[in-house]
Structures are given as structure tokens and as C-alpha cells.
Amino acid sequence: MTSSWTAYFQERLASILAELQTYVEMETPTHNKEAVDRLGTVIAERFRSLGCRVETIPQPVYGNQLRVEYGAGDEQILILGHFDTVKEIGTLQREPWRLEDGKAYGPGVYDMKAGIIFSYFALQAIIDHGLPLQKKLVFFWNTDEEVGSPSSEALIRAEAEKSACALVIEPSYGDGLLKTSRKGGGEFLLKATGRAAHAGNDHAKGINAIEEIAHQILRIQSWTDYGAGTTFSVGTIRGGSASNVVPDYAEAAVDYRVSTRPEADRIKALLQGLTPVLPGAEVSAEIVTSKPPMERTALTERLFLHAQEQASLEGFALREIGVGGTSDGNFAAAAGTPVLDGLGPVGGGAHAPHEHIVVSEIAPRIALLLRLLTTL
Ligand SMILES: [Zn+2]
């Protein structure tokens, strides 16, 4: 036993970084199942060697999902993370693994291979020191988070339902803030249909779908309400074939975000109730992807206060924030399970070439994770 787990992990920093390098140098773009499965096999083997029960859940399109269980009992804690990245194979050549100015760089290092490494080393220390657990630990390592978790959403929701709480090992925010709420939302496709006609000869017979969608776009954008945390942003627009043809079809892809579940329901009702402005035109909105908001409940607050207390035992102050971006934490929260998100590395540059983690923050974060896993 040691009084400071931070010091303990600091002493083991070289092996932690070596293992992280191994993960980073195995590139895992979501759409390359073979590559993702290759790292999945390594992760499964690592956790198995600690004595975990590892279940590989086969997937036809994306990488096989990994469910890792340690300990016993009826109650469980869910630890969530993903090992797919947005970076294509070959990114490593432009953005090689490197240590520079106290930072570790490389594709996926921050989002979020470090989080899985942190979990592994925390668990290893728990086992090596025979630390008792209050609850069984279930780690779910996802392979398709970066495309919205199509093959894992149902598995995550089901696992969260059985869990007392969920810890998401995604990167922290800014200089290390935990994420205690996330907006929900997603994307919908706005479609307008009119009637084609020759723009010169038959102008009056045409119904211009682009004109119709222009009305709809202005209407939808005006629903943005920063105070309520609701935003709409038309991201792409498409329609028409030539300037002398009255277009009969136009569509726009729209990003929307909401802070609460009632607000999500209200927006869905608004979208279903869209009515055309031009006589004879038709409009519709089809939700393509949607995640429920991860709300900061009383249970979340309790969980955060506990984490704050544990962090103070390691000598650092933990702060929290609500963010607009979504994660698998949104699915876990949908089950009513309290979620602490952002327990992974401190760093920056997710999805960008300067993606990195701060090396001096590795040990304290693993120490915090160890304390949470053993005290919750
Ligand atoms: Zn991520």
C-alpha cells in the first residue's frame, strides 16, 4: 500500500508510456474492421492476463466489441471507452508517436487510447495490491463510437441499465475538467419537394423546392435558443440541376443540440409538424441520428462530489463542466444511470494533427481512477 497512488504510477510511467505507444502505433480507423480487431485482440489478451473474463462480441461490419469483467457481486460499475479513431491508416507517418515538451503525441492518443491504458494500469494495481472492490467492474471497449455507436448502442444501454454508475474514460475537458452533462441531439435531413418546370416557358407551373427549403431553413435556424441550450445549424444543402429548371427537390442536413429530454421531445414534435410555405410544396424532416442528453442529475452530483474528494486525496482539485458534444455517456445516461465523463487524459487536439496528452497528468488521473474503482 502507498499513501499516494500518484507517486506509485509516476514510478511506472515508462511502462505506461510504452504500452500507450503500442496502442497508438496500431492504427484503428472505425471503418477498418481488420485493423480495429487487431488492436482488439491485444486489448483482450492484456485484460485476460490480469484474470478478467473477456467476452468478444462479434460484429459483421465494425470491430468486435469487447466486454471485460472483473470481480464478483450483484452490483456493477460500468467503465466505458472506445478504441476506434477518426484517423485513417497512414496518419501515423505524418503524426508519429513522439514525446515532446512533456506531451505525448500520436493518432488516437487523446481520443481515447490513453483512457483504456489508464483503466488497465489502475486494474493491475488493484489486483497486485489485493485491494477490495465494492462492486463488480464491467469494462466495455467500443469499436464504433466515432461513427455514433451503431453496433454498440444497444449493448451499452443494456449494460448501463444493470450498473450503479458509469465512468467514461474519454478525455477530460480543457485543463482536466470532468464532464457531468452533455447535450443530446444529432442530425436530421430536411427535405422539400416541389414541381419541376421550364424556368422560362412554364415558370408559373413550377413549384420551386429550393425556395421552399429556404423558408424552412430560416424558420428552423430561428428556433435556436442559447438560453435553453438548444441550437440548430444547417450544415449542408443540395438541390436543383440547372438554372433554367425549376427544381422539384432540395435537401439540407441539420445538426441539432438540446440540453434536456423534454426539449428533445418538443423539437421532435416541431419537426413532425413542419408545414410548407409555398402552395403545393411538401416538406419533411427525417432524424438520421439522435442521442439523448446526458443530464446532470442529483445522482450525478453525488458521484462528482465523491470524485472530487478522491482527487483531493491525491492532492489535486477536480472541477466539472457541461459540454455540447456527445459520447457513449449519453447512451448510458438514457438508462437513468449517473455518469461521470472525461476521466481520461488531460490534453488536447482531438481529431486534429496536434492531438496529444500531458505526460505529467497521467499518474494523477490513473490514481483517481483507481480510487473510484475501489470506493464506488
Ligand atoms: Zn472519443
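Small disclaimer: the values here were computed from a predicted structure and weren't measured.

Looking now at the overall build of the chain. Each helix and strand in the chain was counted, giving eleven helices and 18 strands. Its C-alpha atoms give the chain principal-axis dimensions of roughly 85 × 45 × 40 Å. Buried positions account for 54% of the 376 residues belonging to the chain. Carbon and sulfur atoms make up 51% of the accessible area of the chain, which totals about 15900 Å². Placing the 34 positive and 47 negative side-chain charges of the chain at their respective mean positions leaves the two points 2 Å apart.

We now examine the packing of aromatic side chains. The full count for this structure, using the stated rule, is eleven aromatic pairs. Relative to F9, the ring of W5 has its centre 6.3 Å away and its plane inclined at 35°; by these criteria the two rings are tilted. Here W5 and its partner F9 are both found in helix α1 (residues 5-11), four residues apart, which amounts to about one turn of the helix. Here the two residues W5 and F9 agree in accessibility, since each one is buried.

Within strand β6 (residues 136-142), seven of the seven residues are buried, which leaves it mostly tucked inside the rest of the structure. Both faces of β6 are covered, namely the face carrying K136, V138, F140 and N142 and the face carrying L137, F139 and W141.

A separate point is the environment of D248. Relative to the helices and strands, D248 resides in the loop between β12 (245-246) and β13 (249-258). Overall, D248 belongs to the partly exposed group, its relative accessible area being 39%. The spacing of D248 and G349 is 101 residues in sequence and 42 Å in space, taken between C-alpha atoms. In contact with D248, other than residues within four places in its own chain, are A192, T193, G194, R195, A196 and A209.

Hydrogen bonds along the backbone pair up the strands of a sheet, which may run parallel or antiparallel. Ordered by their spatial adjacency, four strands build an open sheet running β11-β13-β9-β14, and the pairing between neighbours is antiparallel. Unpaired on one side and paired on the other, β11 (231-239) and β14 (282-291) mark the two borders of the sheet. With direction set aside, neighbouring strand axes in the sheet form an average angle of 20°. Where β11 and β13 come together, eight bridges link them in antiparallel fashion. Opposite T236, over in β13, you have A253 as the bridge partner. In the packing of helix α8 (residues 261-272) onto the sheet, contacts are made with β9 (184-193), β11, β13 and β14, and the angle to β13 comes to roughly 165°.

As a further point, take the coordination of the zinc ion. Octahedral metal centres with six donors ideally show angles of 90 or 180 degrees, and tetrahedral centres with four donors ideally show 109.5 degrees. Around the zinc ion, the protein contributes the donor atoms H82 (NE2), D111 (OD), E170 (OE) and E170 (OE), which lie 1.9 to 2.5 Å from the metal centre. Spacing between the donor residues of the zinc ion along their common chain follows H-x28-D-x58-E. With H82 in strand β3 (residues 76-82) and E170 in the loop between β7 (165-168) and β8 (178-182), this residue pair connects regions lying 88 residues apart in the sequence. The same class applies to H82 and to E170, which are both buried.

Turning to the domain arrangement of the chain, a few remarks are in order. When its domains are assigned, the chain resolves into domain 1 (5-182 + 293-375) and domain 2 (184-291). The gap between the C-alpha centroids of domain 1 and domain 2 is 38 Å. Across the contact, 14 residues belong to domain 1 and eight residues belong to domain 2. When domain 1 packs against domain 2, the two sides together hide about 840 Å² of surface, and 51% of this comes from carbon and sulfur. On the domain 1 side of the interface with domain 2, the three residues burying the most area are P293, E295 and T326, jointly 55% of the side's total. Counting across the interface, domain 1 meets domain 2 through zero salt bridges. Linking domain 1 with domain 2 are two residue pairs in polar contact (both at pLDDT 80 or more).

Glancing now at the pattern of salt bridges. Tallied over the full model, the rule gives 24 salt bridges. The partner of E159 in a salt bridge is K162, with the nearest N and O atoms 3.3 Å apart. Since its relative accessible area comes to 6%, E159 is described here as buried. One network of salt bridges, in which partners are shared, links R53, R67, E69, K136, E159 and K162.

Among the nonpolar cores identified, the biggest contains 67 residues, and F9, I43, F47, W141, L167 and I362 are the most heavily contacted of them. Per element, the largest residue contribution to this core is 13 residues, and it comes from helix α5 (residues 109-128). W223, A250, V254 and L274 belong to the second largest nonpolar core, which has 19 residues in total.

Turning next to the side chain of R365. Within the element layout of this structure, R365 appears in helix α11 (residues 362-375). Buried charge R365 goes without a salt bridge, the closest partner of opposite sign being E361 at 4.3 Å. Once residues within four sequence positions are removed from consideration, R365 is found in contact with F118, S172, D175, G176, L178, F316, L318, G342, G344 and V346.

Reading the values: the criteria
Residues numbered from 1 in each chain as written. Predicted model: local features only at pLDDT ≥ 70, side-chain atom pairs only at ≥ 80, totals over all residues. Heavy atoms only, no water. Helix = DSSP H or I, 4+ residues; strand = E, 2+ residues; numbered from the N terminus. Buried < 20%, exposed > 50% of the residue type's maximum accessible area, 1.4 Å probe, protein only. Areas by Shrake-Rupley, 256 points an atom, 1.4 Å probe, with all protein chains shown as cover. Lys, Arg positive; Asp, Glu negative; His and termini not counted. Charge placed at Lys NZ, Arg CZ, Asp CG, Glu CD. Phe/Tyr/Trp six-rings, centres within 6.5 Å; stacked < 30°, edge-to-face > 60°. Contact = heavy atoms within 4.5 Å. Pairing = 2+ DSSP bridges. Axes fitted to C-alpha atoms, helices over the stretch in contact; angles between N-to-C directions. Donors = N, O, S within 2.8 Å, 3.2 Å for Na, K, Ca; no water. Domains from an automatic or database assignment. Buried area = accessible area lost by both parts, 1.4 Å probe. Salt bridge = Lys/Arg side-chain N within 4 Å of Asp/Glu carboxyl O. Polar contact = N/O pair within 3.5 Å; in protein donor to acceptor, adjacent residues only side chain to side chain. Core = buried A, V, L, I, M, F, W, Y, C linked by side-chain atoms within 4.5 Å.

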